[in-house]
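Report on the structure
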Amino acid sequence: GALDAHAPGAASEPVLALQATLLDDALSSLEDGRPGVVDLYFVGVAGDATVDAFRQDVEAAREVMDERWGTAERSVVLSNSPDTLLAAPIASVSNLREALDEIGAAMDPDEDVAMVYVSTRSEAGGALSMRMPPLELVSITPAMLRAALDDAGIRYRVVVVSACRAAGFVEELADDDTAVIVASSSEGAPSGCERGSVAAAFGEAFFRRGMAKAATLAEAFESARAEVEARE
């Protein structure tokens, strides 16, 4: 609309100044893990500002996690969207690293779990695109995400990637302490990948149907995996 022309851009000084505050506020309000309780932490990353489906998907996922899985004081959303520039920290690798460092400091590494959910387009090489024009943001590669989790001292991890061509994240990150769920492991890229419809469909299957109804993480994974495989 007409107002949009006057909205400050992502690279404008007021937005950049506020961005630092938004990240600080989001991270300083994280609750510490409770002794003897398995606390779950959630980081949602909506990577591509040019497709609004990613932002909607991540916000809906956070809602399920906060309401059903008790992450209300332990969740952060990083969002690339013109609509959230003044309300949420942008989704950049540096902000993600900072969020994970803060979560690593708040959690008990021997009992708590961190879930990272990334919803965006994938690039030809399998990296996850971070786009907030006119900023030039670095894409998230599997090695980069693994290093960020390692550096934060986070032991138990759930990594959920809602992008096509995400098989590299399974190969790089899955181990005894890390569950990795990806929307599509196939190398072929259907047109839905580019429009964000695959992300939205996967996010809905995993969070709004799987996590919203399951009693355990394993159960949510199984139901989402079955649904995603059936759709492919």
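Relevant structure appears above.
This write-up is about the structure you can find in this document.

This paragraph deals with the overall build of the chain. Scanning the chain from terminus to terminus reveals eight helices and five strands. Secondary structure elements of the chain occur, N-terminal to C-terminal, as α-β-α-β-α-β-α-β-α-β-α-α-α. Across the 232 residues of the chain, 50% fall into the buried class. Of the contacts made within the chain by residues no fewer than 6 positions apart, 71% connect residues no fewer than 24 positions apart. Carbon and sulfur atoms make up 52% of the accessible area of the chain, which amounts to about 10200 Å² in all.

This part is about the nonpolar core. Within the largest apolar cluster, 35 residues are counted, with the highest numbers of intra-cluster contacts made by Leu100, Leu145 and Phe169. It is helix α3 (residues 93–106) that provides the largest number of residues to this core, a total of six residues. Those residues in contact with leucine 100 that sit more than four places away from it in its chain are Val43, Val116, Leu145, Ala148, Leu149, Ala152 and Ile154. One finds Val77, Met115, Phe202 and Ala214 within the second-largest nonpolar core, a separate group that totals 26 residues.

On to the packing of aromatic side chains, then. Enumeration according to the criterion identifies three aromatic pairs in this entry. Ring geometry for tyrosine 117 versus phenylalanine 207: centroids 4.5 Å apart, planes at 55 degrees, classification tilted. In this pair, tyrosine 117 sits in strand β3 (residues 113–119) while phenylalanine 207 sits in helix α7 (residues 197–213), placing the two residues 90 residues apart along the sequence. Accessibility classification places tyrosine 117 together with phenylalanine 207 in one group, the buried group. Consider the rings of phenylalanine 206 and phenylalanine 207, whose centres lie 4.8 Å apart with planes at 85 degrees: the pair is edge-to-face. For the pair phenylalanine 206 and phenylalanine 207, a shared accessibility class is recorded, and that class is buried. Counting every residue linked through ring pairs, the aromatic cluster contains Phe42, Tyr117, Phe206 and Phe207.

Once that is clear, we can look at α3. The end-to-end C-alpha separation of α3 is 20 Å, in line with the 20 Å expected for 14 residues at 1.5 Å each. Of the positions making up α3, those classed as buried are Val93, Asn95, Leu96, Ala99, Leu100, Ile103, Gly104 and Ala106. Packing partners of the buried residues in α3 comprise α1 (13–28), β1 (40–46), β2 (75–79), β3 and α4 (142–151).

On to the packing of α3 against α4, then. Put simply, α3 and α4 touch, their axes get as near as 8 Å, and they point 30 degrees apart. Between α3 and α4, the interaxial angle falls into the category roughly parallel. Our pair here, α3 against α4, has a crossing hand that is right-handed. Contacts between α3 and α4 involve Val93, Leu96, Arg97, Leu100 and Asp101 on the former and, on the latter, Met144, Leu145, Ala147, Ala148, Leu149 and Asp151.

Applying the stated criterion to the full structure yields 16 salt bridges. Taking the shortest distance from any N to any O, the salt bridge between aspartate 151 and arginine 97 comes out at 3.0 Å. One end of the pair, aspartate 151, is in helix α4; the other, arginine 97, is in helix α3, with 54 residues separating them in the sequence. The exposed category is assigned to aspartate 151, whose relative accessible area is 53%. Close ionic contact of aspartate 110 with arginine 155 constitutes a salt bridge, the shortest N to O distance being 4.0 Å. Taken together, the positions of aspartate 110 in the loop between α3 and β3 and arginine 155 in the loop between α4 and β4 (156–162) put the pair 45 residues apart, joining distant regions of the chain. Each member of the salt-bridge network shares a partner with another, and the members are Asp52, Arg55, Glu59 and Asp83.

So, how was this worked out
Residues numbered from 1 in each chain as written. Predicted model: local features only at pLDDT ≥ 70, side-chain atom pairs only at ≥ 80, totals over all residues. Heavy atoms only, no water. Helix = DSSP H or I, 4+ residues; strand = E, 2+ residues; numbered from the N terminus. Buried < 20%, exposed > 50% of the residue type's maximum accessible area, 1.4 Å probe, protein only. Contact = heavy atoms within 4.5 Å. Areas by Shrake-Rupley, 256 points an atom, 1.4 Å probe, with all protein chains shown as cover. Core = buried A, V, L, I, M, F, W, Y, C linked by side-chain atoms within 4.5 Å. Phe/Tyr/Trp six-rings, centres within 6.5 Å; stacked < 30°, edge-to-face > 60°. Expected span 1.5 Å × (residues − 1). Axes fitted to C-alpha atoms, helices over the stretch in contact; angles between N-to-C directions. Parallel < 35°, antiparallel > 145°, perpendicular 65-115°, else oblique. Left-handed = near helix turned anticlockwise from the far one by under 90°. Salt bridge = Lys/Arg side-chain N within 4 Å of Asp/Glu carboxyl O.

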